[in-house]
Amino acid sequence: MSFRSLKKKTVMLICALMLSLAGCGREPAATGNGNAADETMVLGFAQLGAESSWRTCNTESVIKAAQEAGINLMFEEAEQKQENQIKAIRSFIAYQVDVIAFAPIVKTGWDNVLSEAKAAGIPVILTDRTIDTDDESLYTCYIGSDFITEGLMAGDFLKKKFPQDNKTVNIVELFGTVGAAPALGRSEGFREAIKDDSRFHIICSQSGDFMRSKGKEAMTGILKYYDDIDVLYSHNDSMTLGAIEAMEEAGISPGEDIVIITIDGEQEAVDALKAGEINCVVECDPMLGPTIMDTAKKIKEGEQVPRNIYSKDNIYTEWDDLNEIPPRGY
Ligand code: GYE
């Protein structure tokens, strides 16, 4: 057995072990097909965690797409810790995978480990979140949403929802994970959209770490402190759904007493939009698996790929025909 074939078999075994330890009850994501195994590419994927339904769907999309593409997937989940993601990337480098893909939990702090991948000749794809680096050669491309555009879409809805009069509009922002690209971009785009209208005031911005429980906790505290909130702008649906629970417990009618704008487009949020508890949902597509696999194969073949491969995100509002929205799948 060649070293390469031994390496691939080891990767498959590890992958199977990781998935069974994770208790997700799936078949190993690794797939090989007999003699062709030596040619099968190995992709190391470092997922950041399992904080939201969006993330669960994103993970499922990656695992399924790898199986369908006949790619051996080494999958690691970092439990929301950057150091775990760095460890996972180092293990992929040690196993000499063909391509590394990862969803960076925060924007900064990746240069060292990505330099190690570069020195080992392993190309890197950023998926679903971007990074800040002075060395653009440390990754090949980004696949995911444009978060500033999502924030702009959210802000544009707000301007339409509150047509010109002189009343002040008090906004609470539930911020995602501090330092994370989607949180920073959604915050920036939203502020950009409303900056020329002095009626809009962001009276409070608090992190709920993209999690339902923390969204509820944050909103419970905020409602005790402020009694003049007009709008909740939340960076993801999980936090929004938690915040809605907090509002209901406080006797506040979500979507009526407080206008709610949220991002992701989970089924539960779309159902709440239909029920009038949410006013606007900006979509963020989690099903990135097929594009990741396709792009990884092209990179391995030495083909040029675009630097940024953006998802096309829609917006759904209380003014739309909501029966048109297809089942979300997450
Ligand atoms: O909006 C949120 C998740 O990185 C785009 O992370 C992703 C975000 C998504 O936890 O629900």
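The shown structure was predicted, so the numbers you read here are calculated from the model rather than taken from an experiment. The residue numbers shown here count from 1 along each chain, following its written sequence. Whole-chain, interface and lining totals are the exception, using all residues; otherwise, since this is a predicted model, local features are given only for residues with pLDDT of at least 70 and side-chain atom pairs are given and counted only at 80 or more. To get the side-chain values, take all heavy atoms of the structure and skip hydrogens and water.

## So, the environment of Ile125
Strands here mean DSSP runs of E at least two residues long; helices mean DSSP runs of H or I at least four residues long; both are numbered from the N terminus. As for its placement among the helices and strands, Ile125 is situated in strand β4 (residues 124–127). Judged by relative accessible area, which is 0%, Ile125 ranks as buried. Sequence spacing of Ile125 and Ala296 is 171 residues, and the spatial spacing of their C-alpha atoms is 7.7 Å. For this analysis, residues touch if any pair of their heavy atoms sits within 4.5 Å. When sequence neighbours within four positions are dropped, the list of residues in contact with Ile125 reads Val99, Ile100, Ala101, Phe102, Cys141, Ile143, Ile292, Thr295, Ala296 and Ile299. Using a 1.4 Å probe on the protein chains alone, a residue whose accessible area is under 20% of its type maximum counts as buried, one over 50% counts as exposed, and one in between counts as partly exposed.

## Re the site of the ligand
The environment of the ligand is formed by 13 residues, the closest being Glu51, Asp128, Arg129, Asn236 and Asp264. Polar contact is the term for a pair of N or O atoms within 3.5 Å; when the atoms are in protein, one must be able to donate a hydrogen and the other to accept it, and sequence-neighboring residues count only if both atoms are side-chain atoms. Glu51 is positioned such that a nitrogen or oxygen atom in its side chain is 2.4 Å from an oxygen atom of the ligand. Measuring from an oxygen atom of the ligand, one finds a side-chain N or O atom of Ser52 at 3.0 Å. Contact with the protein chains covers 100% of the free accessible surface of the ligand, which is 300 Å². If you list the elements that add at least two residues to the shell around the ligand, you get α2 (53–69) and α6 (181–194). When its residues are assigned to classes, the shell around the ligand shows 5 nonpolar, 2 polar and 6 charged. Throughout this document, a residue counts as near a molecule or strand when at least one of its heavy atoms sits within 4 Å of that molecule or strand. What sets the accessible areas is the Shrake-Rupley method with a 1.4 Å probe; for residues, cover comes only from the shown protein chains. Residues are grouped as follows: Ala, Val, Leu, Ile, Met, Phe, Trp, Tyr, Cys and Pro are nonpolar; Asp, Glu, Lys and Arg are charged; all remaining types, including Gly, are polar.

## With respect to the nonpolar core
In globular proteins that are soluble, nonpolar side chains generally tend to be buried together. Core analysis: the biggest nonpolar cluster contains 48 residues, and Ile100, Trp110 and Ile171 have the highest contact counts within it. When residues no more than four places from it in sequence are discounted, the contact partners of Trp110 are Gln82, Gln85, Ile86, Ile89, Phe102, Pro104, Ile105 and Ile131. Counting residues in hydrophobic clusters, the runner-up holds 29 residues, among them Val172, Ala243, Met247 and Val270. Nonpolar cores were defined as sets of buried Ala, Val, Leu, Ile, Met, Phe, Trp, Tyr and Cys residues, with membership established by side-chain atoms within 4.5 Å.

## Overview of the environment of Thr168
Note that Thr168 resides in the loop between α5 (147–161) and β6 (169–175). Overall, the relative accessible area of 45% leaves Thr168 in the partly exposed class. Once the C-alpha coordinates of Thr168 and Arg199 are considered, the two residues, 31 residues apart in sequence, prove to be 4.6 Å apart.

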